[in-house]
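Residue-level structure breakdown
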Amino acid sequence: MAFAGYDIGMSLIAIMLAVAGILLGLGYALGDKRLKEFGMSELYQSLINAAILGSLILAFGPSGIITNTINSLSAGVQPQSCSAYFDGNSALCFSYAYLAGNTTVQVYNNTVLSLRTSTAGMLVASSGLYILIGTLASVKVEAGFIAFGLQGLTVFMGPLKAITDFLTFAILSIIAQAVILKFIGVTAISTLLPVGLVLRTFYFTRALGGSIIAITIGFFAILPMTYVMGAIMLNDFSGYNQAQLFANADSALSSTSSGSAGGLADGSLSSIPSNPNSITIGTVASISALLEGASNALSSLIDYVGDAIAFIVLQVFLLPTMSLILTVISIRELARLLGSEITFGRFDVF
């Protein structure tokens, strides 16, 4: 049995063939042209349903044509482990592991962390840096009419908050996409496909059944393959190395945090005397050196984190949007082949 519901589909098709034959016979016996046409139409539809059922088994069975094609095209990308939900679909397994897996995945010769792991590491580091800079910016020393402080660091808090908010939203998007892929893996072949086939067997639910079959095939076969193609394209991009990219960004965030905290630990600020009248040029130099070091570290941070954020925008938002568009177009064309029509009202632009 290729998937759950196979026996039900076979039984319903056999019943509908018998019903169509009876209607056709009654039409000839009674000389009713409309009854003959309806019986003939149902007979054709039952034969089409039988052909669809056979095609689905040949395509999505354990050694099916589409199953083998998906696994063949995904041969260069493999996760370290695959959940039972994704057995038989390497592209779906890779897509989920690439988005939200707990281990690394292999994209040809590159070992890549999951997007959730990479983005979460950057989020933790940027949040820590934001808190640290806020603390440093609150430090203020007054000496008579002269005041020394690190309020200038507040200029970096706006961009860091924007980075933190963006990374948080990116993680939510990654988790949402992973949940959708897991839902597809759990329900597509075992539930949605046979339900669509059963609904297409009946006259009044034929269009709905065809739409469900088209949607299932699109999300099970087309959508995960677009994720695979996106990862392969980035892997082939000149100079692309995702692991090094995120490692540099995370290292820059962490070193900036530790470097700024080190300024407090090594005495840059602890050397400030409690008596304002005893503040010397050396004290001012210590504060100035701390400000200069923090500014240089944050400036170098922009280069690494900017590249990493650009990659996140591409891989978490732009490429999935293109994947969804291609999947929707494929679903619409499949639905037409199955005798259904899927429209989106005023958003129907494909």
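It should be emphasised that the depicted structure is a prediction, and the values quoted were computed from it without experimental measurement.

Let us now look at the overall build of the protein. When you go through the protein residue by residue, the secondary structure sums to nine helices and five strands. What you see in the protein, going N to C, is helices and strands ordered as α-α-α-β-α-β-β-α-β-β-α-α-α-α. The burial tally for the protein puts 43% of its 350 residues in the buried class. A separation threshold of at least 6 residues defines the contact pool for the protein, and within that pool the share at least 24 residues apart is 69%.

This part covers the sheet that holds strand S3 (residues 110-112). Strand order in this open sheet of three strands is S1-S2-S3, and the pairing throughout is antiparallel. Since the sheet does not close on itself, it has two edges, and those belong to strand S1 (77-79) and S3, each with one partner. When strand polarity is set aside, the average angle formed by the axes of neighbouring strands in this sheet is 20°. Both S1 and strand S2 (residues 105-107) contribute to a ladder of three bridges, which runs antiparallel. Looking at the pairing, Pro79 lines up with Val105 of S2. Along the sheet, helix H7 (residues 206-236) makes contact with S1, S2 and S3, crossing S2 at roughly 60°.

Summed over the entire model, instances satisfying the criterion amount to three salt bridges. Among the salt bridges present, the one from Arg206 reaches Glu42, with a minimum N-O distance of 3.0 Å. Of this pair, Arg206 sits in helix H7 while Glu42 sits in helix H2 (residues 33-60), and the two are 164 residues apart along the sequence. In terms of burial, Arg206 and Glu42 fall into one category: buried. Between Asp165 and Lys161 there is a salt bridge whose closest N-O contact spans 3.0 Å. Highlighted residues: Asp165 and Lys161, both in helix H6 (residues 157-201), separated by four residues, approximately one helical turn.

A few words on the confidence of the model for the protein. Segments scoring low in pLDDT should not have their predicted coordinates read at a detailed level. Taken over all residues, the pLDDT of the protein has a mean of 77, while the share at 70 or more is 72%. When the elements of the protein are averaged for pLDDT, helix H8 (residues 242-265) gives the smallest value, 56, and helix H4 (residues 90-100) the largest, 90. Per-residue pLDDT stays below 50 along residues 263-281; that stretch engages in 28 contacts with residues further than four places along the chain or on separate chains.

Further remarks concern the packing of H2 against helix H3 (residues 65-73). Where H2 meets H3, the axes come as close as 3 Å, and the angle between the chain directions of the two elements is 30°. Taken together, the axis directions place H2 and H3 in an arrangement best described as roughly parallel. On the side of H2, the interface is formed by Leu58, Ala59 and Phe60, while H3 contributes Ile65, Ile66 and Thr67. Residues that form the contact of H2 with H3 fall into these classes: five nonpolar, one polar and no charged.

Thresholds, definitions, all that
Throughout this description, residue numbers start from 1 for each chain and increase along the sequence as written. The predicted nature of this model means local features are confined to residues of pLDDT at least 70 and side-chain atom pairs, given and counted, to a pLDDT of 80 or more, with totals for whole chains, interfaces and linings taken over all residues. Heavy atoms throughout the structure, all of them, feed into the side-chain values; hydrogens and water do not. A run of H or I in DSSP becomes a helix once it reaches four residues, and a run of E becomes a strand once it reaches two; helices and strands are each numbered from the N terminus. Only protein chains enter the accessibility calculation, which uses a 1.4 Å probe; a residue whose area is less than 20% of its type maximum is buried, one above 50% is exposed, and one in between is partly exposed. Two residues form a contact once any of their heavy atoms are found within 4.5 Å. Any two strands are treated as partners once DSSP identifies two or more bridges connecting them. Interaxial angle, 0 to 180 degrees, is taken between N-to-C directions of lines fitted to C-alpha atoms, where a helix line uses only the stretch in contact. We count a salt bridge whenever a side-chain nitrogen from Lys or Arg sits within 4 Å of a carboxyl oxygen from Asp or Glu. A residue's pLDDT is simply how confident the predictor is in it, with values from 0 to 100. The cut-offs work like this: below 35 degrees is roughly parallel, past 145 is roughly antiparallel, 65 to 115 is roughly perpendicular, and the gaps in between are oblique. Ten residues, namely Ala, Val, Leu, Ile, Met, Phe, Trp, Tyr, Cys and Pro, are considered nonpolar, four, namely Asp, Glu, Lys and Arg, are considered charged, and the remaining ones, Gly among them, are considered polar.

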